[in-house]
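Descriptive structure summary
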Amino acid sequence: MSKPYRPIDEIIEIFWITLPNAKCIIKKHKVDFFQAKGKFQVHVKDFYTAYTKHFNPSLFDVGTSKSIKKEKNISDIFQQLFGSAYSVNQ
């Protein structure tokens, strides 16, 4: 079973990133690659995994992103900021 390797030029075109960014991802996240006949070949699936998990936050799924806080009612915000109204116990 052969691995799907592609030239670095195709990787750059597919992911719309610069050559320094692609090299940084390959080096930092240990993406499988080799050099044959003067061409730098990269394992596409390894690169995609490294790119989506560590580099491009816009591709993260909802489960891995931080939860969005619910909007608070303005009266609750004032309550937290200024405390409760003064009351007299009778």
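Residues numbered from 1 in each chain as written. Predicted model: local features only at pLDDT ≥ 70, side-chain atom pairs only at ≥ 80, totals over all residues. Heavy atoms only, no water.

Let's talk about a nonpolar patch on the surface
To be explicit about the condition: Candidates for patches are residues over 30% relative accessible area with no salt bridge; among them, like charges are joined within 9 Å and nonpolar side chains (Val, Leu, Ile, Met, Phe, Trp, Tyr) within 5 Å. Residue burial considers only the protein chains on display, and all accessible areas are found by Shrake-Rupley using a 1.4 Å probe. Salt bridge, as used here, is a side-chain nitrogen of Lys or Arg placed within 4 Å of a carboxyl oxygen of Asp or Glu. We count a stretch as a helix when DSSP gives it H or I for four or more residues in a row; a strand needs E for two or more, and each element gets its number in order from the N terminus. Burial status follows relative accessibility: with a 1.4 Å probe on protein chains alone, a residue under 20% of its type maximum counts as buried, one over 50% as exposed, and anything between as partly exposed.
A grouping of Ile 74, Ile 77, Leu 81 and Phe 82 is seen on the molecular surface, where their side chains present a nonpolar patch of about 440 Å² in accessible area. Secondary-structure assignment places Ile 74 in helix α4 (residues 74-82). Exposure remark for Ile 74: the relative accessible area of 53% places this residue in the exposed category.

Structural notes on helix α2 (residues 19-28)
Keep this limit in mind: Starting at the helix axis, one direction is taken to each C-beta atom, and the arc is that of these directions. Between two residues, a contact is recorded if the distance between any of their heavy atoms is within 4.5 Å.
Here α2 has its buried residues at Ala 22, Ile 25 and Ile 26. End-on view of α2: buried residues confined to an arc of 95 degrees, all on one side of the axis. Turned more than 90 degrees away from the buried face of α2 sit Pro 20, Lys 27 and Lys 28, all of them exposed. Those residues of α2 hidden inside the fold are in contact with α1 (8-15), β2 (33-36), β3 (39-43) and α3 (44-55).

Side note on the pairing of β3
Threshold: Only when DSSP finds a minimum of two bridges between them are two strands counted as paired.
Examined bridge by bridge, strand β1 (residues 5-7) and β3 share three bridges and lie antiparallel to one another. Looking at β3, one finds that Tyr 5 is bridged to His 43. The sheet contact formed by β2 and β3 spans four bridges and is antiparallel. In the strand pairing of β3, Ala 36 is matched with Lys 39.

Brief notes about the nonpolar core
Counted only if it meets this: By convention a nonpolar core is built from buried Ala, Val, Leu, Ile, Met, Phe, Trp, Tyr and Cys residues, the set being connected through side-chain atoms within 4.5 Å.
Of all hydrophobic cores here, the largest spans 13 residues; its most connected members are Ile 8, Ile 17, Val 42 and Phe 47. Mapped by element, the contributors of at least two residues to this core are α1, α2 and α3. Take this core: its biggest share by element is four residues, from α1. In this structure Ile 17 touches Ile 12, Ala 22, Ile 25, Phe 47, Tyr 51 and Phe 55, once residues within four positions along its chain are discounted.

Overview of the packing of aromatic side chains
Cut-off, in case you're wondering: Centres within 6.5 Å make a pair out of two Phe, Tyr or Trp rings, where for Trp the six-membered ring is used; the pair is then stacked when the planes are under 30 degrees apart, edge-to-face when over 60, and tilted otherwise.
Applying the stated criterion across every chain yields a total of six aromatic pairs. For the ring pair Phe 15 and Tyr 48, a centre distance of 6.3 Å and an interplane angle of 35 degrees mean the geometry is tilted. In this pair, Phe 15 sits in helix α1 while Tyr 48 sits in helix α3, placing the two residues 33 residues apart along the sequence. Classification of Tyr 48 by relative accessible area gives partly exposed; the value is 47%. Where Phe 15 meets Tyr 51, the ring centres are 4.9 Å apart and the plane angle is 55 degrees; that geometry is what we call tilted. Here Phe 15, found in helix α1, pairs with Tyr 51, found in helix α3; they are 36 residues apart in sequence, far enough to count as distant. Accessibility expressed as a relative area gives 14% for Phe 15, which makes it buried.

By themselves, these observations are geometric and do not establish any function.
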